[in-house]
Amino acid sequence: MLKIKLVVRTVGPDATPPLVHYGLTDLGREIAEEARVLCAWTHNRAAQVHAARAAHDQRAATSEGAPSEEGPLRRVTTPC
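Residues numbered from 1 in each chain as written. Predicted model: local features only at pLDDT ≥ 70, side-chain atom pairs only at ≥ 80, totals over all residues. Heavy atoms only, no water.

A. Inspection of the overall build of the protein at higher detail. Counting its regular elements, the protein contains one helix and two strands. Helices and strands appear in the protein in the N-to-C order β-β-α. Counting only residues that meet the buried cut, the protein has 12% of its 80 residues in that class. In the protein, the proportion of contacts linking residues at least 24 apart, taken out of those at least 6 apart, comes to 11%. Counting only carbon and sulfur atoms, one obtains 61% of the accessible surface of the protein, whose full area is about 6900 Å². (Helix = DSSP H or I, 4+ residues; strand = E, 2+ residues; numbered from the N terminus. Buried < 20%, exposed > 50% of the residue type's maximum accessible area, 1.4 Å probe, protein only. Contact = heavy atoms within 4.5 Å. Areas by Shrake-Rupley, 256 points an atom, 1.4 Å probe, with all protein chains shown as cover.)

Below, the structure is given as C-alpha cells:
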C-alpha cells in the first residue's frame, strides 16, 4: 500500500524502538470510501444473493442431479 501511495509511513525521531505511524493518503481515503460503499451494498443485499444462489443450486440439483457450477452455497457472516 505504501508503494501505490494508499498509505503514508512516518517514523518518529529519537525513539527506541522507532515510533512508526501510518495514515491514509487522499487516494487511500478515496478507496476506503469506495470499499465502505461496496461493503454496505453487500450487507444490504446479502439475503437476496444467498436466496438466489440457493434457488439456483436447488434447480441445478433437481435437473439431472447436476451439481451447481458455482459450488456449494457459503454464507459469509463477517460484518464490514
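B. Fine view of the pattern of salt bridges. On inspection of all chains with the given rule, the structure shows two salt bridges. A salt bridge links R29 to D26; the shortest N-O distance between them is 2.4 Å. Of the two residues, R29 and D26 both sit in helix α1 (residues 26-62), three residues apart, roughly one turn of that helix. On the basis of relative accessibility, which here comes to 60%, the residue D26 falls in the exposed class. (Salt bridge = Lys/Arg side-chain N within 4 Å of Asp/Glu carboxyl O.)

C. Highlighting a nonpolar patch on the surface. Together, L38, W41 and V49 make up a nonpolar patch on the protein surface, roughly 310 Å² of accessible area in all. Along the chain, the position of V49 falls in helix α1. (Patch = residues over 30% accessible without salt bridge, like charges linked within 9 Å, V, L, I, M, F, W, Y side chains within 5 Å.)

D. Representation of α1 within the structure. The end-to-end C-alpha separation of α1 is 51 Å, in line with the 54 Å expected for 37 residues at 1.5 Å each. The secondary structure elements touched by the buried residues of α1 are β2 (20-24). (Expected span 1.5 Å × (residues − 1).)

E. Expanded view of unusual backbone geometry. The omega torsion of the bond from T16 to P17 falls at -5°, within 30 degrees of zero and hence cis. In this structure, P17 sits in the loop between β1 (7-11) and β2. The phi angle at D14 is positive, at roughly 55°, despite the residue not being glycine. The topology assignment puts D14 in the loop between β1 and β2.

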